[in-house]
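Single-letter residue listing:
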Amino acid sequence: MTTQASGDALVSLNGVNKHYGQLHVLKNINLQVKKGEVVVVIGPSGSGKSTLCRAINRLETIDDGDIAIDGKKLPEEGKDLAHLRADVGMVFQSFNLFAHKTILENVTLGPIKVKKVAKGTADKEAMALLERVGVGHQAPKLPAQLSGGQQQRVAIARALAMKPKVMLFDEPTSALDPEMINEVLDVMIQLAKEGMTMIVVTHEMGFARKAADRVVFMADGQIVEDATPEEFFTNPKSDRAKDFLSKLLTH
Ligand SMILES: Nc1ncnc2c1ncn2[C@@H]1O[C@H](COP(=O)(O)OP(=O)(O)OP(=O)(O)O)[C@@H](O)[C@H]1O
């Protein structure tokens, strides 16, 4: 969590637009995230939250506007993507671990292949990360031998192994059984406390209240509100946010 207002934004989106065919999914998005800030993105289904994350990680191209990470504008598609992605860790709803590799190998693969880290060092760093997310003892196993919550914690460790400047989470707990949600959220709350810059798409409002510096509410491809959790939850300004929150509460 951020403790001070600091200079330039670590993640900066300016005038970002994106269409899928005729569908305008990101409409003039302006978003600045400072180092150490935790921004929770919420909004109705189809409002563009995943597309926003995917655009930041360059999994999707944008039509116009620009996106910069730590002052570096994203390269044109196809150029230097591996380098960019190393700065941006991404955790998805589905864990996407390599099924035939061990937990340890899943975490060391990126550092060894992309960053050319020596195997001994990569193993040591990966073990420390696996311990940190509470699955160190699972290192020799295959993903299928772990619960969904454990696999998602491995996915977080895998992203952290690349030493990213910012972590993006796209509904990281949506595919989990209810009893496993908190074990993943607890790891994310710890990361936030340690000062990691995070953009988190989630419907877990408890996480937003505990860990977010800002809540960004999206609807119909636009950022409709950008407020502190306290402001947003106690006094949402727009009818769309009020409507969204009342639906969340009744589910
Ligand atoms: N690859 C694609 N091709 C065409 N349309 C897409 C594609 N991906 C997303 N869309 C559409 O773009 C819009 C925004 O989708 P997006 O997944 O970003 O929304 P979201 O807010 O993350 O929704 P959810 O909460 O349901 O995940 C939706 O109307 C969706 O159907």
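These remarks concern the structure in this document. A quick note: this is a predicted structure, and the numbers were derived from the prediction, not measured. Think of each chain on its own: its residues are numbered from 1, step by step along the sequence as written. Selection of residues for local features in this predicted model requires a pLDDT of at least 70, selection of side-chain atom pairs for listing and counting requires 80 or more, and totals for whole chains, interfaces and linings are taken over all residues. Based on all heavy atoms of the structure, the side-chain values leave hydrogens and waters out of the count.

### A look at the pattern of salt bridges
Let me state the cut-off plainly: For this analysis, a salt bridge means a side-chain nitrogen from Lys or Arg found within 4 Å of a carboxyl oxygen belonging to Asp or Glu. Here a helix means four or more residues in a row that DSSP labels H or I, a strand means two or more in a row labelled E, and each is numbered from the N terminus. Partly exposed describes any residue whose relative accessible area lies between the buried limit of under 20% and the exposed limit of over 50%, with all areas from a 1.4 Å probe on protein chains only and scaled to the type maximum.
Scanning the entire structure with this criterion turns up 14 salt bridges. For the salt bridge of aspartate 226 with arginine 214, the shortest nitrogen-to-oxygen distance reads 2.8 Å. Of this pair, aspartate 226 sits in strand β10 (residues 222–227) while arginine 214 sits in strand β9 (residues 214–219); the two residues are 12 residues apart in sequence, bridging distant segments of the chain. Under the relative-accessibility criterion, aspartate 226 is labelled partly exposed at 38%.

### A word on helix α4 (residues 119–132)
Going by this rule: By this rule, a helix spans an expected 1.5 Å times one less than how many residues it contains. Taken from the helix axis, the directions to the C-beta atoms give the arc we talk about. Two residues form a contact once any of their heavy atoms are found within 4.5 Å.
The terminal C-alpha atoms of α4 lie 20 Å apart, and with 14 residues this matches the ideal 20 Å at 1.5 Å per residue to within 8%. By the burial criterion, the buried members of α4 are Ala122, Asp123, Ala126, Leu129 and Leu130. Along α4, the residues classed as buried sweep out an arc of 130° about the axis, all on the same side. Of the exposed residues in α4, those oriented more than 90 degrees away from the buried face are Gly120, Lys124 and Glu131. Residues of α4 that are buried in the fold lie against α3 (103–113) and α5 (148–160). Just past α4, the residue glycine 134 takes up positive phi, approximately 85°.

### Some thoughts on the packing of aromatic side chains
Stated formally: Only Phe, Tyr and Trp rings take part, Trp by its six-membered ring, and two of them pair if their centres are within 6.5 Å. Stacked means planes under 30 degrees apart, edge-to-face means over 60, and tilted covers everything else.
Overall, the coordinates contain three aromatic pairs when judged by the stated rule. Between phenylalanine 232 and phenylalanine 233, the aromatic rings sit 5.5 Å apart at their centres with planes inclined by 75°, giving edge-to-face as the arrangement. Across the pair, exposure class does not vary: phenylalanine 232 and phenylalanine 233 are buried alike. Pairwise contacts between aromatic rings join Phe217, Phe232, Phe233 and Phe244 into one cluster.

### Looking at the sheet that holds β10
Note the threshold: When DSSP finds at least two bridges between two strands, those strands are taken to pair. Convention adopted: a line fitted to C-alpha atoms gives each axis, helices being fitted over their contacting stretch, and angles between N-to-C directions are expressed from 0 to 180 degrees.
If you walk across this open sheet you meet the six strands as β6-β7-β8-β3-β9-β10, and the pairing is mixed. The strands lining the two open edges of the sheet, one partner per strand, are β6 (88–91) and β10. Put simply, the sheet's adjacent strands are angled 20° from each other on average, direction ignored. The sheet contact formed by strand β3 (residues 38–42) and strand β8 (residues 197–201) spans four bridges and is parallel. By the bridge assignment, valine 39 is partnered in β8 with isoleucine 199. The strands touched by helix α1 (residues 49–56) are β3, β6, β7 (166–170), β8 and β9; relative to β7, the strand with the most contacts, the crossing angle is about 150°.

### With respect to the site of the ligand
Where we set the bar: Put simply, a residue is near a molecule or strand once any heavy atom of it comes within 4 Å of that molecule or strand. Contacts described as polar in this section are N or O atom pairs within 3.5 Å, which, within protein, must combine one atom able to donate a hydrogen with one able to accept it, while residues neighboring in sequence count only if both atoms come from side chains. For accessible areas, the Shrake-Rupley method is used with a probe of radius 1.4 Å. Any residue's cover is judged against the shown protein chains and nothing else. In the scheme used here, Gly and all other residues not listed as nonpolar or charged are polar, with Ala, Val, Leu, Ile, Met, Phe, Trp, Tyr, Cys and Pro taken as nonpolar and Asp, Glu, Lys and Arg as charged.
Neighbouring residues of the ligand: Tyr20, Leu23, Val25, Pro44, Ser45, Gly46, Ser47, Gly48, Lys49, Ser50, Thr51 and Glu171. Serine 45 is positioned such that a nitrogen or oxygen atom in its side chain is 2.6 Å from an oxygen atom of the ligand. With the chains in place, 59% of the 630 Å² that the ligand exposes on its own is no longer accessible. Of all elements in the fold, only β2 (23–34) and α1 reach the threshold of two or more residues within the shell around the ligand. The biggest single contributor to the shell around the ligand is α1, with three residues. Partitioned by chemical class, the residues of the shell around the ligand number four nonpolar, six polar and two charged.

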